[in-house]
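Below, each chain spelled out in residue letters.
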Amino acid sequence: MTTILLALVIGAAFGAVLDRIGATNPAIVGKMLSLKNLELAKTILLAIGVGAVLMFGGQMLGLVDVGHMSVKSAYIGVFIGGLMFGAGWAVSGYCPGTGVCAAATGRKDALFFIAGGLLGAAAYMVTYPAWKASGLLDKFMGGKVTLGSVPGAKYDGLMAMSGDVLGIILGLVFVALAFALPERISGSDGAVMAPAE
Amino acid sequence: MILNWKTGGLLLGVVFFMAVFLVKPIGVSTQFVILDGIIGDVVNSELVTQTEDGYASTNAYLDKSNGKYAKAVSNPLNYSFVFVLAMMAGAFISAMLRGGVDASERSVSALWRANFGDSVWKRHAAAFAGGFIVLYGARLAGGCTSGHMMSGMMQSSLSGYMFTAGAFLAAIPVAMMMYKKEA
């Protein structure tokens with residue numbers, strides 16, 4: 001029961017924050033991916049950095065259970081799937097989490113995204129044996145690995161360096177990137193770029 | 001209405017931390033498979049069955065990892081599935097508190113309208129096709145923006161970086177071709 005309560009609280013907080021950073025708006029996602037407005041990218045970079053520093057810092061201090069880490073396996077299909085994901089993300093302006101949240105905010109196109117998503121997931125379920133047989137799901141560089149070796153974790157590290165220290169350093173790099181990234185890369189001010197009405 | 005990146009990023013980072021601190025890292029896309037399984041099991045009750053030591057499925061994907069997904073299909077009131085339902089509730093409340101989404105925005109966003117016009121069906125078809133590719137790709141990759149990009153890179157996992165590289169390598173050129181005009 002406690003876990004269900006936690007799911008309700010953390011899930012609701014996540015959904016609310018996704019809405020408030022603009023991630024449920026496909027126009028904001030489209031502008032980010034076409035490099036017209038990188039505010040959302042800065043938000044995401046900062047979030048990853050903050051999360052990493054808190055998590056690895058907490059683990060070093062013994063406040064955070066290392067056993068809660070859940071590292072996904074690396075295989076070539078991760079990259080191929082990422083490419084497909086990226087193309088669909090750009091076309092729709094939604095990813096799985098923001099799609100369901102956007103539907104909840106009243107966006108109708110998000111319902112079509114979810115319907116397409118359910119069909120896409122079902123298509124993968126049916127074609128999974130072929131991917132499995134292709135070898136593209138076989139472990140790559142050890143599979144479930146982290147970049148550094150995290151003390152007490154059940155995952156191997158690619159480098160012998162302490163995964164906690166490296167995790168904090170990378171977290172700080174993400175924070176620095178969030179600050180360094182310009183608001184926009186593509187084009188110039190909207191006023192200059194906008195075609196004559 | 002939209003939080004600036006410093007406040008928003010801090011809040012989002014704290015949510016990701018609280019998730020791994022209290023339970024486990026956030027992930028979403030698996031739940032599309034679980035919902036498919038629930039629907040599939042209603043249509044064909046043979047899809048997921050209880051065995052002596054757990055659950056099994058006639059579908060190889062639901063059956064993998066000792067029927068981990070098959071178990072979730074049989075018990076939808078599990079953490080990860082309820083989490084996604086709660087996300088929807090949280091987003092709904094947030095949207096209501098900021099006055100909701102404009103009726104004109106609900107089907108076709110301003111950016112889409114500027115580039116592809118007012119056709120609702122054109123937009124719905126693109127959202128549907130996009131959703132298909134997004135979830136097919138996410139399941140092939142084993143995660144999405146939440147599980148791979150955010151939770152993955154936060155934990156400094158190799159797979160998170162591989163997924164993110166692939167996602168942006170495709171997303172940026174496609175978006176730059178599609179969204180030439182700003183709203």
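See the structure above.
What counts, and where the lines are drawn
Residues numbered from 1 in each chain as written. Chains lettered and ligands numbered in written order. Predicted model: local features only at pLDDT ≥ 70, side-chain atom pairs only at ≥ 80, totals over all residues. Heavy atoms only, no water. Helix = DSSP H or I, 4+ residues; strand = E, 2+ residues; numbered from the N terminus. Buried < 20%, exposed > 50% of the residue type's maximum accessible area, 1.4 Å probe, protein only. Contact = heavy atoms within 4.5 Å. Areas by Shrake-Rupley, 256 points an atom, 1.4 Å probe, with all protein chains shown as cover. Lys, Arg positive; Asp, Glu negative; His and termini not counted. Charge placed at Lys NZ, Arg CZ, Asp CG, Glu CD. Axes fitted to C-alpha atoms, helices over the stretch in contact; angles between N-to-C directions. Parallel < 35°, antiparallel > 145°, perpendicular 65-115°, else oblique. Nonpolar A, V, L, I, M, F, W, Y, C, P; charged D, E, K, R; others polar. Pairing = 2+ DSSP bridges. Core = buried A, V, L, I, M, F, W, Y, C linked by side-chain atoms within 4.5 Å.

With respect to the overall build of chain B
Point 1. Across its full length, chain B holds eight helices and two strands.
Point 2. Helices (α) and strands (β) of chain B occur, in sequence order from the N terminus, as α-α-β-β-α-α-α-α-α-α.
Point 3. For chain B, the spread of C-alpha atoms along the principal axes amounts to about 60 × 40 × 35 Å.
Point 4. The proportion of buried residues among the 183 residues of chain B is 55%.
Point 5. A fraction of 49% describes how many contacts in chain B between residues 6 or more apart in sequence connect residues 24 or more apart.
Point 6. For chain B, the exposed surface amounts to about 7,600 Å²; the carbon and sulfur share of it is 65%.
Point 7. Counting 13 positive and 10 negative side-chain charges, chain B places the averaged centre of each group 13 Å from the other.

Points about the packing of helix α2 (residues 26–33) of chain A against helix α4 (residues 76–92) of chain A
Residue and element names in this part refer to chain A.
Point 1. Interaxial distance between α2 and α4 falls to 8 Å at its minimum, and their mutual angle equals 125 degrees. In this view, α2 runs oblique relative to α4, as classed from their interaxial angle. Of the residues in α4, those touching α2 at P26, V29, M32 and L33 are W89, A90 and S92.
Point 2. Looking at side-chain class alone, the contact of α2 with α4 contains six nonpolar, one polar and no charged residues.

Considering the pairing of strand β2 (residues 54–57) of chain B
The side chains of a regular strand alternate, first on one face of the sheet and then on the other.
Residues and elements named next belong to chain B.
Point 1. Sheet analysis places strand β1 (residues 48–51) next to β2, joined by four bridges and oriented antiparallel. Residue pairing across strands places Q50 opposite Y55, the latter belonging to β2.
Point 2. Counting the residues between successive antiparallel strands, the hairpin from β1 to β2 contains two residues.

Overview of the nonpolar core
Point 1. Of all hydrophobic cores here, the largest spans 112 residues; its most connected members are F14(A), F85(A), W89(A) and L12(B).
Point 2. The greatest single-element share of this core, amounting to eleven residues, is contributed by helix α3 (residues 39–60) of chain A.
Point 3. Those residues in contact with F14(A), other than ones at most four positions away along the chain, are L12(B), V15(B), F16(B), I26(B), V28(B), F83(B), M87(B) and S146(B).

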